[in-house]
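# Summary of structural features
One letter stands for each residue in the lines below.
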Amino acid sequence: MEKRVRVLVAKPGLDGHDRGAKVVARALRDAGFEVIYTGLRQTPEQIAEAALQEDVNVIALSLLSGAHNHLFPRIVELIREKGMTDVLMIGGGVIPDADIPALKTAGIAEVFTPGTSTTTIIDYINANVN
Amino acid sequence: MNIADELLKGSRLALSRAITAVENEYDDAVTIMQKLYPHTGNAHIIGITGPPGAGKSTLTDKLAKEYRRQGKTVGIIAIDPTSPFSGGAILGDRIRMNELTLDQGVFIRSMGTRGSLGGLSRKTSEAIKILDAFGFDVVLVETVGVGQSEVDIVKTADTTLVVLVPGLGDDIQAIKAGILEIGDVFAINKADHEGVDRLHTELEMMLDLNQTKIEWRPPIQRVIANRGEGINELAEAIEKQIVHSKESGQFVSRRTNRTKNELLAMLDEQVGRYVRKQLLAYGKFDELVMSVEKREKNPYAVVDDIMTTILR
Ligand SMILES: Nc1nc2c(ncn2[C@@H]2O[C@H](COP(=O)(O)OP(=O)(O)O)[C@@H](O)[C@H]2O)c(=O)[nH]1
Ligand SMILES: [Mg+2]
């Protein structure tokens, strides 16, 4: 009845600004989602634990530093260990096309590269969220 | 997964799912709450309120760490406003609490107000009960802090901590929001800012004048939350308040009042739902709306009619 889609917008890795993540967070709020925003420099462990405590439906990872090949799969793994099997995980940032297939195999459902409109992301979530 | 049983066995995932079930009014919410209710009543519930930006989240983080040092476990509910336009929300209080995330003696849950006006979400009291049943010693509730009817928190908490800051221009802020009456303990945060002395003096004076709390004169503690200064003393002040409240009988009478209010609210909701359902069966409601609108009938008579028909 009062159901809302809850999205954790998280920034793993060490890169220093979160403008992109904030833009996405605001767009998601305006689309009616409850956005949990945890700030910069989150470890995969922190992201997974926050996702569990907040019981989110979606985890949106944003990363610029290039450590996605390591960090994204690690987060997927931790989330599954916690028994959260129905969470939709998406990623965004400067991610080379060549890396995307491996990320998808690892369990990231979709990867949005820079320039993707927030509408595209919102539509994707609405179509694929559990 | 049997959520209530798993929760009582210590599953944090079940704890999280239970809060979702209640917040979204899933079918199993009532069953879950029925099972958990006997396990509630043990946590010390502390409400933290004050204007946006006063440092409530920062203070919540520091207080939680203080309780952890004392060996207590801590559940936290942090409430932020839901946008009335989109129904969405940005829940950002965790930003100030990231160091607590991996502590297994802590559990933080963010909630949007989802249309409720009183500074809490409509489901806050149930979420508190769920954390209580899980076994947390202390439950900290950070309100949205808009100056509306923060009175909600008083009905929900054993101790209400009001956070004020100097330099908001208008130090009479306290009186205006009726905040003097609701505070059991006051924290003046950002004591590193100018105007602390003045705010402190004014607040002391107002509390002296305030007649409603003769039994317990709320203490004022200066803190610098982001540096962790004054937190020990604040925790001590809170502890004294709860001891006093228990000795004076206030603790029990507040809780009895809370139970009474919750029962009445549940009854209101059930009766309301029943009436609406019957209204559909009653048919002609739209017609009645039109006839009231055209002044053919008056609303008082129509309501009387409906009530006698439905509740016969
Ligand atoms: N100077 C100063 N800043 C503080 C203090 N406590 C918190 N802050 C800052 O005040 C801002 C708002 O704090 P926050 O805890 O989010 O406030 P809330 O909106 O009441 O939850 C943050 O930037 C904090 O770092 C303090 O004692 N002194
Ligand atoms: Mg806050």
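These numbers come from a predicted model, not from an experiment. (Residues numbered from 1 in each chain as written. Chains lettered and ligands numbered in written order. Predicted model: local features only at pLDDT ≥ 70, side-chain atom pairs only at ≥ 80, totals over all residues. Heavy atoms only, no water.)

In this model, helix 11 (residues 250-282) of chain B (33 residues) spans 47 Å end to end at C-alpha, consistent with the 48 Å of a helix rising 1.5 Å per residue. Residues Phe251, Arg254, Arg255, Arg258, Val275, Leu279 and Tyr282 of chain B constitute the buried set of helix 11 of chain B. (Helix = DSSP H or I, 4+ residues; strand = E, 2+ residues; numbered from the N terminus. Expected span 1.5 Å × (residues − 1). Buried < 20%, exposed > 50% of the residue type's maximum accessible area, 1.4 Å probe, protein only.)

For chain B, the domain assignment lists domain 1 (40-248) and domain 2 (260-310). Centre-to-centre, using C-alpha coordinates, domain 1 of chain B lies 39 Å away from domain 2 of chain B. (Domains from an automatic or database assignment.)

Another aspect to go through is the layout of surface pockets. All names here are of chain B. Taken as a whole, the largest pocket spans an internal volume of roughly 1,300 Å³. The wall of the largest pocket is formed by 32 residues, among which Ser125, Glu126, Glu262, Met266 and Glu269 lie closest to the centre. Mapped onto the lining of the largest pocket, the elements with two or more residues apiece are helix 3 (29-36), helix 5 (124-134), helix 6 (151-156) and helix 11. Tallying contributions element by element places helix 11 first for the lining of the largest pocket, with ten residues. When the residues that make up the lining of the largest pocket are grouped by side-chain class, the tally is eleven nonpolar, nine polar and twelve charged. When residues of the lining of the largest pocket are sorted by domain, at least three fall in each of domain 1 (40-248) and domain 2 (260-310). By volume, the second largest pocket is sized at about 550 Å³. Around the second largest pocket sit 31 residues that line it, and Pro52, Gly53, Ser57, Asp93 and Arg96 are the ones nearest its centre. Looking at the lining of the second largest pocket, the elements with two or more residues in it are helix 4 (56-69) and strand 2 (74-80). (1 Å grid on protein atoms, 1.4 Å probe; cavity = no way out; pocket = protein on both sides within 12 Å on 5 of 7 lines; lining within 4 Å. Points joined across faces, edges and corners; volume = space filled by probe spheres on them. Nonpolar A, V, L, I, M, F, W, Y, C, P; charged D, E, K, R; others polar.)

Moving on: the interface of chain B and chain A. In this assembly, 32 residues from chain B lie in contact with 31 residues from chain A. Counting each side, the surface lost to burial between chain B and chain A is near 2,700 Å², with a carbon and sulfur contribution of 47%. Of all residues in chain B, Ile90, Arg94 and Arg114 of chain B bury the most surface against chain A, accounting for 21% of the area lost on that side. Put simply, Arg6 of chain A and Glu23 of chain B hold a salt bridge, and the shortest N to O gap is 3.9 Å. The tally of links between chain B and chain A comes to 23 residue pairs in polar contact (both at pLDDT 80 or more). Broken down by secondary-structure element, the contributors of at least two residues to the side of chain B that touches chain A are helix 2 (12-23), strand 3 (89-91) and strand 4 (106-112) of chain B. In terms of residue class, the side of chain B that touches chain A is built from ten nonpolar, 14 polar and eight charged. For strand 2 (residues 34-37) of chain A and strand 3 of chain B, the ladder comprises three bridges, and the chain directions are parallel. Residue pairing across strands places Glu34 of chain A opposite Ala89 of chain B, the latter belonging to strand 3 of chain B. (Contact = heavy atoms within 4.5 Å. Buried area = accessible area lost by both parts, 1.4 Å probe. Salt bridge = Lys/Arg side-chain N within 4 Å of Asp/Glu carboxyl O. Polar contact = N/O pair within 3.5 Å; in protein donor to acceptor, adjacent residues only side chain to side chain. Pairing = 2+ DSSP bridges.)

Our next topic: the packing of aromatic side chains. The tally for this structure, following the rule as stated, stands at two aromatic pairs over all chains. Ring geometry for Phe112 of chain A and Tyr124 of chain A: centres 5.6 Å apart, planes at 75°, overall edge-to-face. Residue Phe112 of chain A is located in strand 5 (residues 110-112), and its partner Tyr124 of chain A is located in helix 5 (residues 118-128); the two are separated by twelve residues in the primary sequence. As far as burial versus exposure is concerned, Phe112 of chain A and Tyr124 of chain A are alike and both buried. Each ring, one from Phe134 of chain B and one from Phe136 of chain B, has its centre 5.2 Å from the other, and the planes form 25°; the classification is stacked. A cation over a ring is seen here: Lys246 of chain B above Phe251 of chain B, with NZ or CZ 5.0 Å from the ring centre. (Phe/Tyr/Trp six-rings, centres within 6.5 Å; stacked < 30°, edge-to-face > 60°. Lys NZ or Arg CZ within 6 Å of the ring centre and 35° of its normal.)

On to the sheet that holds strand 3 (residues 58-63) of chain A. Reading across the sheet, the six strands line up as 5(A)-4(A)-3(A)-1(A)-2(A)-3(B) and stay open at both edges, with parallel pairing between neighbours. Here the strands that pair on one side only, and so sit at the sheet edges, are strand 5 of chain A together with strand 3 of chain B. The mean inter-strand angle of the sheet, taken between neighbouring strand axes irrespective of direction, is 20°. Taken together, the four bridges between strand 1 (residues 6-10) of chain A and strand 2 of chain A define a ladder with parallel strand orientation. Looking across to strand 2 of chain A, one finds that Val7 of chain A is bridged to Val35 of chain A. Contacts between helix 2 (residues 44-54) of chain A and the sheet are confined to strand 1, strand 2 and strand 3 of chain A, with strand 1 of chain A contributing the most and set at about 160° to the helix. Here helix 3 (residues 68-81) of chain A sits on the sheet and contacts strand 3 and strand 4 (88-93) of chain A; the angle it forms with strand 3 of chain A, its principal contact strand, is near 160°. (Axes fitted to C-alpha atoms, helices over the stretch in contact; angles between N-to-C directions.)

Right, let's talk about the coordination of the magnesium ion (ligand 2) for a bit. Residues and elements named next belong to chain B. Distances from the magnesium ion (ligand 2) to its protein donors, namely Ser57 (OG), Asp93 (OD) and Glu142 (OE), fall within the range 2.1 to 2.2 Å. Coordination of the magnesium ion (ligand 2) draws on donor residues from a single chain, spaced S-x35-D-x48-E in sequence. Residue Ser57 is found in helix 4, and its partner Glu142 is found in strand 5 (residues 138-142); the two are separated by 85 residues along the sequence. Taking the relative accessible area as the measure of exposure, Glu142 reaches 3% and is therefore buried. (Donors = N, O, S within 2.8 Å, 3.2 Å for Na, K, Ca; no water.)

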